[in-house]
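# Report on the structure
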Amino acid sequence: MLHSNYLKQLDLQDIVVFLNLLEQRSAKRTAELMNISQPTVSYCLKRLRGCFDDTLFASAQGALVPTSKAEKIAPYLRMVVESVNRCAEEESGWPTVAATQVLQVCAPEHFELALLPHVLQSVTKEKMVASLHLERLSRDLPIDRLMSGDIDLAIGFGPGYHQLHPELEWQSILNDEFVCITSYLSPNAGKTMSLDQFCASPHVYPTPWLSEKNMVDSWLDKIGRSRTVLVKANGYQACINIVAAVPATLALPARLLPLLRIPESVVVCEPPMGFPRFTLDMIWSKDRSKILSVSHLKRLIQSAADAVMDH
């Protein structure tokens, strides 16, 4: 029997909304996960607040933070859902199919080319019920969206190329360096491009992330040099195709070299001495690290990076 008439107003969807809000910390993410509208989530939350005489969630820095009462009642509501699922399994004779977890990842093209195929192999092999939605890393790290839960995980460049926040954690997963792809030099020019040659050549600038000051130009600025950018293109392969068509140079991450089509007409050589190296870093909110699916994804990405490093 129910102890309160208010509890009679609850249905199973209200309870599932509560549990998803507890995990996602976002009404928007909960609506997307359950394939319902945000107003429906708000209505369910309003009904839950009335039934339990508590706000249940408070907004802090764009995220929904559960109250102490929400934390206390969560185990009991999880038990309700688990019990209903168990009844359905016994009735049908078949296990229930888990809802697909949508994980939002913000990453540069480097990650998509070098690591994403390996990550997806592991997702498939381990039968992880998840769908990865990727968006391109832009000018700045999406700090607010990471903290609010709109983005589960970001991939950035380091060390020192992404701004961090006390509520964010990060981990370097892959080391890389640059090679020069050039049609500005003759094939007999040598294995290393000099600093003078590099600065004199027109450059094709890839924009996998939309920063005005990238690591190459920052390095040149520190040593009192500069380069001329002929064109900014949206992807690495497009840049290589341009270099094959006009005299120009591209600074390409070395780990991407075997993953792209390199025309025979261009020269692949070492960059000038002192050229910057970099890492690929995972960045996440401390709150999101408590969610099993996010922790699982981080582990798969690190395993993929380890496999690439070993090769």
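The coordinates are above.
A brief report on the enclosed structure follows. (Residues numbered from 1 in each chain as written. Predicted model: local features only at pLDDT ≥ 70, side-chain atom pairs only at ≥ 80, totals over all residues. Heavy atoms only, no water.)

So, on to the sheet that holds strand S5 (residues 153–158). Here we have five strands laid out as an open sheet, ordered S4-S3-S5-S12-S6, and mixed in their pairing. Looking at which strands have only one partner, the edges of the open sheet turn out to be strand S4 (130–136) and strand S6 (168–176). Taken pair by pair, the neighbouring strands of this sheet meet at an average axis angle of 25 degrees, ignoring direction. Alignment of strand S3 (residues 101–107) against S4, held across seven bridges, turns out to be parallel. From the neighbouring strand, Gln104 faces S4, where its bridge partner is His133. (Pairing = 2+ DSSP bridges. Helix = DSSP H or I, 4+ residues; strand = E, 2+ residues; numbered from the N terminus. Axes fitted to C-alpha atoms, helices over the stretch in contact; angles between N-to-C directions.)

To continue, consider the packing of aromatic side chains. This model, assessed by the stated rule, comprises six aromatic pairs. When the centroid spacing of 5.5 Å and the interplanar angle of 70 degrees are considered together, the rings of Phe157 and Phe278 count as edge-to-face. Remark: Phe278 occurs in strand S12 (residues 278–285) and Phe157 occurs in strand S5; sequence separation between them is 121 residues. On the basis of relative accessible area, Phe157 is assigned to the buried category, the value being 4%. Overall, the relative accessible area of 4% leaves Phe278 in the buried class. Judged by centre distance (5.3 Å) and plane angle (80 degrees), the rings of Phe198 and Phe275 are edge-to-face. In this pair, Phe198 sits in helix H8 (residues 195–200) while Phe275 sits in the loop between strand S11 (267–269) and S12, placing the two residues 77 residues apart along the sequence. Accessibility classification places Phe198 together with Phe275 in one group, the buried group. Three or more aromatic residues link up through ring pairs in this structure, and these residues are Phe157, Phe178, Phe198, Trp219, Phe275 and Phe278. (Phe/Tyr/Trp six-rings, centres within 6.5 Å; stacked < 30°, edge-to-face > 60°. Buried < 20%, exposed > 50% of the residue type's maximum accessible area, 1.4 Å probe, protein only.)

Another point: helix H2 (residues 27–34). Turning to H2, its buried residues are Arg29, Thr30, Ala31, Leu33 and Met34. Considering only its buried residues, H2 is in contact with helix H1 (12–24), helix H3 (38–52) and S3. After H2 finishes, the residue Asn35 shows a positive phi value of roughly 60 degrees. (Contact = heavy atoms within 4.5 Å.)

Along the chain, Pro108 turns up in the loop between S3 and helix H5 (109–114). Taking the C-alpha atoms as reference points, Pro108 and Leu137, separated by 29 residues in sequence, lie 5.1 Å from one another.

Mapped onto the elements, Asn20 comes out in helix H1. Owing to a relative accessible area of 14%, Asn20 belongs among the buried residues under this scheme. Not counting residues within four places of it along the chain, the set of residues in contact with Asn20 comprises Arg25, Thr30, Leu33 and Met34.

Of all hydrophobic cores here, the largest spans 56 residues; its most connected members are Phe111, Leu115, Ile173, Val216, Leu252, Leu280 and Ile301. Apart from the residues within four sequence positions on either side, Val216 is in contact with Phe178, Phe198, Arg227, Ala251, Phe275 and Pro276. In terms of nonpolar packing, the next biggest core, distinct from the first, is built from 23 residues, Phe18, Leu19, Met34 and Ala74 among them. (Core = buried A, V, L, I, M, F, W, Y, C linked by side-chain atoms within 4.5 Å.)

Let us look at the environment of Ala60. Examined against the element boundaries, Ala60 turns out to sit in strand S1 (residues 57–60). Sequence separation between Ala60 and Met147 is 87 residues, and the spatial gap between their C-alpha atoms is 9.7 Å.

On to a nonpolar patch on the surface. Together, Leu12, Val80 and Val84 make up a nonpolar patch on the protein surface, roughly 200 Å² of accessible area in all. Inspection of the secondary structure puts Leu12 in helix H1. Leu12 gets classed as partly exposed once you look at its relative accessible area, which sits at 38%. (Patch = residues over 30% accessible without salt bridge, like charges linked within 9 Å, V, L, I, M, F, W, Y side chains within 5 Å. Areas by Shrake-Rupley, 256 points an atom, 1.4 Å probe, with all protein chains shown as cover. Salt bridge = Lys/Arg side-chain N within 4 Å of Asp/Glu carboxyl O.)

Its place among the elements puts Arg227 in the loop between helix H9 (215–222) and strand S9 (228–233). Within the structure, the side chain of Arg227 is placed 3.4 Å from the side chain of His203, a separation counted as a polar contact. Side chain to side chain, Arg227 and Asp217 meet in a polar contact 2.9 Å long. If we ignore the near neighbours within four places in the chain, the residues touching Arg227 are Phe198, Cys199, His203, Tyr205, Asn214, Val216, Asp217 and Leu220. (Polar contact = N/O pair within 3.5 Å; in protein donor to acceptor, adjacent residues only side chain to side chain.)

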